[in-house]
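The primary structure of each chain is shown beneath.
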Amino acid sequence: MRRPVAWVVAIVLLAEAFFIGALNWFLGVVVDRQDMSLAGLDPDVMATSSKIGGLVFGLYFALCALVAVLVAIRDRAPAGFGRVLLISVAVVHGLLGAFAWGLVGWTAFLFMVAVLGLVVLLLMTYDRDGGPQRAVAGGGADEGGDPKAEAEPGPVTAEAASPAPRTDEPRDGDDEPRDSVPAQSLVR
């Protein structure tokens, strides 16, 4: 379930990147052709800032989509900067959903909440504590073992199998022994 969610998030964010970039570019062109001024602002500045804003937000959503693609390909939780990007895009969709309710309508709100839910589902389905499991230490890297894993201990000898003899003397500053069971010998 994790990989399909990551792919869906990547596709939706990439579509949003294109849509946001195209919409802001279109609005910049409209303002530039109309020569309208808003509260005395220069129309060229408004058109340019709209185009730059569309480019920046489009690249931001495309970068978040790239993180989701990498999560889908690697099947691992996003870490570091990628995780921060996905959390920030979830917050952005929450805020956009709140604004969309009042400005656009409930359909835009539902879309933003659905994307927010997908991003949160992507972040929550990967267990951060589990992480990638280390391979079995037995065998080298070519045999499926992990070369970084600790080597398995050698054969257990009779000396190593028997516990150290217990004494009733205090150890490490203890006043009395902690065990209330008397020492027993393993050999009969």
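Residues numbered from 1 in each chain as written. Predicted model: local features only at pLDDT ≥ 70, side-chain atom pairs only at ≥ 80, totals over all residues. Heavy atoms only, no water.

**Some thoughts on the overall build of the protein**
To be explicit about the condition: Only runs of H or I of at least four residues qualify as helices and only runs of E of at least two qualify as strands under DSSP, and these elements are numbered from the N terminus. It only takes one pair of heavy atoms within 4.5 Å for two residues to be counted as in contact. Residue exposure ignores everything except the shown protein chains as possible cover, and the areas themselves are Shrake-Rupley values with a 1.4 Å probe.
For the protein, the count of helices and strands is five helices and zero strands. Walking the protein from its N terminus toward its C terminus, one meets helices and strands in the order α-α-α-α-α. In the protein, the share of contacts with a sequence separation of at least 24, taken over all contacts with a separation of at least 6, comes to 59%. On the protein, roughly 13700 Å² of surface is accessible, and the fraction owed to carbon and sulfur atoms is 64%.

**Comments concerning a nonpolar patch on the surface**
Just so we agree on the cut-off: Like-charged residues within 9 Å of one another, or nonpolar side chains (Val, Leu, Ile, Met, Phe, Trp, Tyr) within 5 Å, are grouped into patches, provided each residue has over 30% relative accessible area and no salt bridge. For this analysis, a salt bridge means a side-chain nitrogen from Lys or Arg found within 4 Å of a carboxyl oxygen belonging to Asp or Glu. Burial here depends on accessible area, computed with a 1.4 Å probe over protein chains only, as a share of the maximum for the residue type. Under 20% is buried, over 50% is exposed, and the range in between is partly exposed.
Side chains of Ile 87, Val 91, Leu 95, Phe 99, Leu 103 and Val 104 sit close together on the surface and give an oily, nonpolar patch of about 660 Å² of accessible area. Position of Phe 99 among the secondary structure elements: in helix H3 (residues 81-103). Note on Phe 99: relative accessible area 55%, which makes it exposed.

**So, the packing of aromatic side chains**
Rule in force here: Here the aromatic set is Phe, Tyr and Trp, taking the six-membered ring for Trp, and pairing holds for ring centres within 6.5 Å; pairs whose planes are under 30 degrees apart are stacked, those over 60 apart are edge-to-face, and all others are tilted.
Within this structure, the stated rule accounts for two aromatic pairs. The interplanar angle of 50° and the centroid separation of 5.5 Å between the aromatic rings of Tyr 60 and Phe 61 together place this pair among those described as tilted. Look at Tyr 60 and you get buried, because its relative accessible area is 19%. The class for Phe 61 is buried, based on a relative accessible area of 1%. With a centroid separation of 4.9 Å and 80° between ring planes, the pair formed by Trp 101 and Phe 109 is classed as edge-to-face.

**Looking at the environment of Gly 82**
Mapped onto the secondary structure, Gly 82 falls in helix H3. When the C-alpha positions of Gly 82 and Leu 66 are compared, they lie 9.1 Å apart, and in sequence the two are 16 residues distant.

**Some words on unusual backbone geometry**
Even without glycine at this site, Asp 75 takes up a positive phi of about 55°. Of note, Asp 75 is situated in the loop between helix H2 (43-74) and H3. Residue classification places Asp 75 among the partly exposed residues on the basis of a relative accessible area of 27%.

**Thoughts on the side chain of Ser 50**
Selection rule: Side-chain atoms alone can form a polar contact between residues adjacent in sequence; in general such a contact is a pair of N or O atoms within 3.5 Å, and within protein one must be able to donate a hydrogen while the other accepts it.
Topologically, Ser 50 is positioned in helix H2. Polar side-chain contacts of Ser 50 include one of 3.5 Å to the backbone nitrogen of Gly 28. Residues in contact with Ser 50, not counting those within four places in the same chain, are Asn 24, Leu 27 and Gly 28.

**Topic: the nonpolar core**
Stated precisely, the cut-off is as follows: Residues enter a nonpolar core if they are buried and are Ala, Val, Leu, Ile, Met, Phe, Trp, Tyr or Cys, with the set joined through side-chain atoms within 4.5 Å.
Grouped together as the largest cluster of nonpolar side chains are 23 residues, with contacts concentrated most on Val 9, Leu 13, Leu 86, Val 89, Val 119 and Leu 122. Every element with two or more residues in this core is listed here: helix H1 (2-34), H2, H3 and helix H4 (106-125). Ranked by the residues each element gives to this core, the list is headed by H2, at eight residues. When sequence neighbours within four positions are dropped, the list of residues in contact with Leu 13 reads Phe 61, Cys 64, Ala 65, Val 89, His 93 and Val 115.

**A short note on the packing of H1 against H2**
Defined as follows: Fitted lines through C-alpha atoms give the axes, limited to the stretch in contact for helices. The angle between two N-to-C directions lies from 0 to 180 degrees. Angle categories are assigned with fixed cut-offs, so that under 35 degrees is roughly parallel, over 145 is roughly antiparallel, 65 to 115 is roughly perpendicular, and the rest are oblique. Residues are grouped as follows: Ala, Val, Leu, Ile, Met, Phe, Trp, Tyr, Cys and Pro are nonpolar; Asp, Glu, Lys and Arg are charged; all remaining types, including Gly, are polar.
One way to put it is that H1 packs onto H2 with a least axis distance of 8 Å and a crossing angle of 170°. With respect to H2, the element H1 is oriented roughly antiparallel. Class assignment of the residues belonging to the contact of H1 with H2 gives a composition of 25 nonpolar, seven polar and six charged.

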